[in-house]
Amino acid sequence: KYVEHPSNPILINPSGARMAGSIVKYNKNLYRFGQNNIDSYGNGIDIFEIQIINKQMYKETYFKSVGFSNAKGPHTIDILKDRMVVDYYNKKFSLLSGIRRIRSSLKSNV
């Protein structure tokens, strides 16, 4: 069962407020990934280092940003042990995109 944290919301900002993956522990530090949606959706990921997290308080500071120069994103990153999953997309026009969306929708409704 989920219980709202007293510090909720932890951030109200198009840069980093929307989660972009699981919280990660690295070298005894905790990091939170947030989507960078400044200017448009999927501009990259902002990384925040978590200083305090307990039942009463939450505090984080901006650490750094990551992004791609030749694609939009990433806007989600997940790391588990020695594996990492990242998603991104390319903005390009396609005459067949509508057909692909309809086919995908029909498959998911089966």
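As shown above, the structure is provided for reference.
The rules we used
Residues numbered from 1 in each chain as written. Predicted model: local features only at pLDDT ≥ 70, side-chain atom pairs only at ≥ 80, totals over all residues. Heavy atoms only, no water. Phe/Tyr/Trp six-rings, centres within 6.5 Å; stacked < 30°, edge-to-face > 60°. Helix = DSSP H or I, 4+ residues; strand = E, 2+ residues; numbered from the N terminus. Buried < 20%, exposed > 50% of the residue type's maximum accessible area, 1.4 Å probe, protein only. Pairing = 2+ DSSP bridges.

Caption draft 1: Examining the packing of aromatic side chains more closely. With the rule as written, the count across this model stands at three aromatic pairs. Taking 6.1 Å as the distance between ring centres and 80° as the angle between the ring planes, the aromatic pair formed by phenylalanine 48 and tyrosine 62 counts as edge-to-face. With phenylalanine 48 in strand E4 (residues 45-53) and tyrosine 62 in strand E5 (residues 58-66), this residue pair connects regions lying 14 residues apart in the sequence. By relative accessible area, which is 7% here, phenylalanine 48 ends up buried. Residue class for tyrosine 62 comes out partly exposed when judged on its relative accessible area of 49%. Look at phenylalanine 68 and tyrosine 88: their rings are 5.4 Å apart centre to centre, the planes differ by 85°, and that puts the pair in the edge-to-face class. One end of the pair, phenylalanine 68, is in the loop between E5 and strand E6 (72-80); the other, tyrosine 88, is in strand E7 (residues 83-89), and 20 residues separate them in sequence. Judged by its relative accessible area of 37%, phenylalanine 68 is partly exposed.

Caption draft 2: Representation of the pairing of E6 in the model. Pairing analysis gives six bridges linking E6 to E7, with the strands arranged antiparallel. Residue lysine 72 lies in a different strand from E7, and its bridge partner there is tyrosine 89. Hairpin connection, E6 to E7: the antiparallel pair is bridged by two residues, and lysine 81 has positive phi, about 55°.

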